[in-house]
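Residue-level structure breakdown
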Amino acid sequence: MKLGVGSYTYMWSIGFAGASPENPMTALGLLAKARELGVRVVQYGPNLPLYELPGGELDEVLAASRQWGIELEIGTRGVETVHLLRMLEFTVRCRSALLRTIPEVEGGRVPSQAELAALLRAVEPQFRQAGVRLAMENSLMPAAELAGALREVGSEFLGITLDTVNSLAIPEGTREVARRLIPWTCCLHVKDFAVRREWHMMGFRVEGRPAGQGQLDVPWLLGALRKAGAQCNAILELWVPEQTTLEQTIELEQRWAVESVAYLRSLIKE
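Throughout what follows, the structure given in this document is the object of discussion.

Details of the side chain of Glu172
Tracing the chain through its elements places Glu172 in the loop between β6 (158-163) and α7 (174-181). Engagement of the side chain of Glu172 in a polar contact is seen with the backbone nitrogen of Ala143, the distance being 3.2 Å. Sequence-distant contacts of Glu172, defined by excluding residues within four places in its chain, comprise Pro142, Ala143, Ser167 and Val177.

Considerations on helix α9 (residues 246-265)
If you check α9, its first and last C-alpha atoms are 28 Å apart, about what 20 residues at 1.5 Å a residue would give, namely 28 Å. All of the buried residues in α9 are Thr249, Ile250, Leu252, Glu253, Trp256, Ala257, Ser260, Val261 and Leu264. Each buried residue of α9 sits inside an arc of 165° when the element is viewed along its axis, so together they form one side.

A closer look at the nonpolar core
Nonpolar side chains in soluble globular proteins tend to be buried together. Ranked by size, the top nonpolar core spans 79 residues in total, and within it Val42, Tyr44, Leu50, Leu162 and Leu188 carry the most contacts. In contact with Leu162, other than residues within four places in its own chain, are Asn138, Val177, Ala178, Leu181, Ile182, Thr185, Cys187, Leu188, His189 and Leu221. One finds Leu98, Ala135, Cys186 and Ile235 within the second-largest nonpolar core, a separate group that totals six residues.

Focus on a nonpolar patch on the surface
On the surface, Val195, Phe204, Val206 and Trp239 cluster together into a nonpolar patch covering about 340 Å² of accessible area. Using a relative accessible area of 39% as the deciding quantity, one classes Val206 as partly exposed.

Section: the state of the cysteines
This structure, assessed with the given rule, holds zero disulfides. Lacking any disulfide linkage, Cys186 is separated from the closest cysteine sulfur, that of Cys187, by 7.0 Å. You can call Cys186 buried: its relative accessible area is 4%. Taking the relative accessible area as the measure of exposure, Cys187 reaches 0% and is therefore buried.

Quick notes on the rules
The numbering scheme is per chain: residues are counted from 1 as the chain's sequence reads. It should be noted that, the model being predicted, local features are given only for residues of pLDDT at least 70 and side-chain atom pairs only at 80 or more, the latter also being counted only at that level, while totals for whole chains, interfaces and linings use all residues. The side-chain numbers reported here are obtained from all heavy atoms of the structure, hydrogens and water having been left aside. Going along the chain from the N terminus, every DSSP run of H or I of four or more residues is numbered as a helix, and every run of E of two or more is numbered as a strand. Any pair of nitrogen or oxygen atoms within 3.5 Å is treated as a polar contact; in protein, a donor-acceptor pairing is required on top of that, and neighbouring residues in sequence qualify only through side-chain atoms on both sides. Whether two residues are in contact is decided by their heavy atoms: any pair within 4.5 Å suffices. Take the residue count of a helix, subtract one, and multiply by 1.5 Å to get its expected span. Here's how the labels work: a residue is buried when its accessible area is under 20% of the maximum for its type, exposed when over 50%, partly exposed in between, all with a 1.4 Å probe on protein chains only. Arc definition: directions from the helix axis to the C-beta atoms. Here, nonpolar core means buried Ala, Val, Leu, Ile, Met, Phe, Trp, Tyr and Cys residues that are tied together by side-chain atoms lying within 4.5 Å of each other. Only residues above 30% relative accessible area that lack a salt bridge enter a patch, with like-charged residues linked at up to 9 Å and the nonpolar side chains Val, Leu, Ile, Met, Phe, Trp and Tyr linked at up to 5 Å. Throughout, the Shrake-Rupley method with a 1.4 Å probe supplies accessible areas, and for residues the shown protein chains are the sole cover considered. Take a side-chain nitrogen of Lys or Arg and a carboxyl oxygen of Asp or Glu: if they are within 4 Å of each other, that pair is a salt bridge. What counts as a disulfide here is a pair of cysteine sulfur atoms lying within 2.5 Å.

Encoded structure:
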């Protein structure tokens, strides 16, 4: 297991609709940040898509990753056959061994277990031939259905990106999701969090925390993955609460990244 960062470590620094920094972090900037932190993997998600870069800029990122010894992982969303095969071609171009995606179709619809299994079966031979693993991230699809689809197809080149918070939206608890999906996990998103009641006691608030400072039992999770023999990298992700200004939020995000990597480095011995 290698420790890494990704574009969802630095969402505020990169920017998104409604939050546009004056000098947004670029794809090369994210790679440089990983080098500064001393981590060996960078995962680019749909919020900083490498496949949308101009050719010269992409070549610069790929050259720097090789020069600095940083492994790339590619992220997209959707499981439509044409899209996945196009992304597989791009993933191979980037010399990446993993493509992360969200199991959704037709602009966000969650597929049924049978539908997902059929879509995975359609692309499995190409992923196997390329030696690339397709890792679906748990989001709005129940963990049991994700596991069921993977069990139906039965391929070492199809697996899970295990996110530690996403499934709260369904809702499914972190340990429940982890226990169901660890046998297929080939990528881990370490995202610490805190759930607390609102002051009026009518509802809860879920907020991010630096790794090791929230309610996520990181040692248990890593231990369970190791016990299962999971072959995966651990990618830090952060949900940094908005501060008074965007500049303050970005500053906090940068600080959390440093603190989180230091904590995870104490648990992940590469």
